[in-house]
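The lines below spell out each chain.
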Amino acid sequence: MTHETVPLYGGHLSRRVTIRDLRAAKERGERWPMLTSYDMYSAEVFDEAGIPVLLVGDSAGNNVYGYPDTVPVTLEDLIPLARAVVRSTHRALIVCDLPFGSYQVSSEQALTTSIRVMKETGAQAVKLEGGLTVVDSVRRIVEAGIPVMAHTGFTPQSVNAIGGYRVQGRGDDADRLIESALALEEAGAFAIVLEMVTAEVAAEVTKRLSIPTVGIGAGPDCDAQVLVWQDMAGMRAGRMPRLVKQYGDLRGALATATRAFAEDVVSGAFPAEEHTYH
């Protein structure tokens, strides 16, 4: 196979996936999966499974650190997680989020933060949220040689301004969302996440952009799909958002293993002779 025709998922790349690979996949109509990752073991598993892009997201706020949302997450929270994911993978392209407050002040702040992320984590790209307001920042970061994944539609860092988890792209909002996506592509973004966007608008954006769209609650027509891994694998308890499909019951499996261990300790069955040194 040539460089351009090796599939992103299930292919035989012996190197890191690049943003060029993602563009080539869109050109040939190939869809691909993306997952979040925040630690060594999940990163190893996903990399070995062939997931081409892993996101060290500020979703660590409500999936690692126990916050109610992503707003409290800091750069100091994310950098160690991104380092671990990078060190534990060989093939996946690693994208690291810029957390709330680390890029909104100015395009200069956005660039400074992006440089720090790239130098201190080894990630291959950064991601930031917003529409037209972040276009200048995207352009400045890209001009400095740092790949940027954009993120528009519902933007979790703006949950307080939006007034909760609300679907985007309905009514007059559709034109604004499409305009933002086109402007982010023109600014140099290599891909764009569309979160909680109506399927019709996401399909139109995907058709009009030459860069890949990554859907999360944005219908079936995006070029790629992303989920938070704890949602995908059934690690999280409680009611799941409509956008989530669970592919396992990791929480149940871990609870079963935990109870089995505890019962062996209480009964004296563990440690047995084979677990004991003499």
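Residues numbered from 1 in each chain as written. Predicted model: local features only at pLDDT ≥ 70, side-chain atom pairs only at ≥ 80, totals over all residues. Heavy atoms only, no water.

The protein chain carries the name 3-methyl-2-oxobutanoate hydroxymethyltransferase in an unreviewed UniProt entry, which gives Jiangella asiatica as its organism. UniProt annotates the protein chain under Catalytic activity (unreviewed entry) with the comment "(6R)-5,10-methylene-5,6,7,8-tetrahydrofolate + 3-methyl-2-oxobutanoate + H2O = 2-dehydropantoate + (6S)-5,6,7,8-tetrahydrofolate". (UniProt positions renumbered as here; feature names shortened; annotations may be inferred.)

A. Fine view of the overall build of the protein chain. Along the backbone of the protein chain there are ten helices and eight strands. Relative to the globule expectation of 19 Å for 278 residues, the C-alpha radius of gyration of the protein chain, 20 Å, shows essentially globular dimensions. Across the 278 residues that make up the protein chain, the buried fraction comes to 50%. Within the protein chain, residue pairs in contact and separated by at least 24 positions form 57% of the contacts whose partners lie at least 6 positions apart. Of the accessible surface of the protein chain, which amounts to about 13,600 Å², a share of 55% is contributed by carbon and sulfur atoms. Side chains of the protein chain give 26 positive and 35 negative charges; the mean places of these two sets differ by 3 Å. (Helix = DSSP H or I, 4+ residues; strand = E, 2+ residues; numbered from the N terminus. Rg over C-alpha atoms; globule rule 2.2 N^0.38 Å. Buried < 20%, exposed > 50% of the residue type's maximum accessible area, 1.4 Å probe, protein only. Contact = heavy atoms within 4.5 Å. Areas by Shrake-Rupley, 256 points an atom, 1.4 Å probe, with all protein chains shown as cover. Lys, Arg positive; Asp, Glu negative; His and termini not counted. Charge placed at Lys NZ, Arg CZ, Asp CG, Glu CD.)

B. Just the pairing of strand β6 (residues 191-195), in detail. With five of five residues buried, β6 is to be regarded as a mostly interior element. Of the two faces of β6, both are covered, the one formed by Ala191, Val193 and Glu195 as well as the one formed by Ile192 and Leu194. Here four bridges tie β6 to strand β7 (residues 213-216), and the two strands are oriented parallel to one another. Residue pairing across strands places Glu195 opposite Ile216, the latter belonging to β7. Crossover handedness for the path β6 to helix α8 (residues 199-208) to β7: right-handed. (Pairing = 2+ DSSP bridges. Right-handed = clockwise from strand over helix to strand, strands pointing away.)

C. Here's a closer look at the environment of Ala43. Relative to the assigned elements, Ala43 resides in helix α2 (residues 40-49). Once residues within four sequence positions are removed from consideration, Ala43 is found in contact with Ser37, Leu54, Val85, Ser88 and Thr89.

D. Summary view of the nonpolar core. Leu54, Ile94, Leu128, Val138, Ile192, Leu194 and Val205 are the most contacted members of the largest nonpolar core, which has 59 residues in total. Residues in contact with Val138, not counting those within four places in the same chain, are Leu128, Val148, Leu184, Ala187 and Ala189. Within the second largest apolar cluster, 21 residues are counted, among which are Val95, Val193, Ile216 and Ala224. (Core = buried A, V, L, I, M, F, W, Y, C linked by side-chain atoms within 4.5 Å.)

E. View of the environment of Thr152. Take Thr152: it is sitting in strand β5 (residues 148-153). The spacing of Thr152 and Glu129 is 23 residues in sequence and 6.0 Å in space, taken between C-alpha atoms. With residues near it in sequence (within four places) discarded, Thr152 still touches Gly130, Gly131, Leu177, Ser180, Leu184, Ile192, Val193, Leu194 and Glu195.

F. Summary view of helix α4 (residues 107-121). The end-to-end C-alpha separation of α4 is 21 Å, in line with the 21 Å expected for 15 residues at 1.5 Å each. Every buried residue belonging to α4 is among Ala110, Leu111, Thr113, Ser114, Val117 and Thr121, and all of these are buried. Take α4 and look down its axis: the buried residues cluster within an arc of 165°, on one side only. Facing away from the buried side of α4, by more than 90 degrees, are the exposed residues Glu108 and Lys119. (Expected span 1.5 Å × (residues − 1). Arc of directions from axis to C-beta.)

G. Structural context of the packing of helix α3 (residues 75-87) against α4. The interhelical angle for the contact between α3 and α4, taken along N-to-C directions, is 40°, at an axis separation of 9 Å. Relative to α4, the element α3 is oriented oblique. Of the two elements, α3 crosses α4, and the hand of that crossing is right-handed. Side by side, α3 and α4 meet where Leu75, Glu76, Ile79, Ala82, Arg83 and Val86 of the first sit next to Thr113, Arg116, Val117, Glu120 and Thr121 of the second. For the contact of α3 with α4, the residue count by class is five nonpolar, two polar and four charged. (Axes fitted to C-alpha atoms, helices over the stretch in contact; angles between N-to-C directions. Parallel < 35°, antiparallel > 145°, perpendicular 65-115°, else oblique. Left-handed = near helix turned anticlockwise from the far one by under 90°. Nonpolar A, V, L, I, M, F, W, Y, C, P; charged D, E, K, R; others polar.)

H. Inspection of helix α5 (residues 135-143) at higher detail. Those residues of α5 that fall on the buried side of the exposure criterion are Val135, Ser137, Val138 and Ile141. The arc enclosing the buried residues of α5, seen along the axis, measures out at 160°, which places them on a common side. Projecting away from the buried face of α5 at angles above 90 degrees are the exposed residues Asp136 and Glu143. Buried positions along α5 lie against α4, β4 (125-127), β5 and α7 (173-187). A positive backbone phi angle near 95° is found at Gly145, which sits one or two residues after α5.

I. Examining the side chain of Thr213 more closely. Residue position: Thr213 is located in strand β7. Assessed through its relative accessible area of 0%, Thr213 is described here as buried. Looking at Thr213, its side chain comes within polar contact range of the side chain of Thr206, at 2.7 Å. Setting aside residues up to four positions removed in sequence, Thr213 forms contacts with Ile192, Leu194, Val205, Thr206, Cys222, Asp223 and Ala224. (Polar contact = N/O pair within 3.5 Å; in protein donor to acceptor, adjacent residues only side chain to side chain.)

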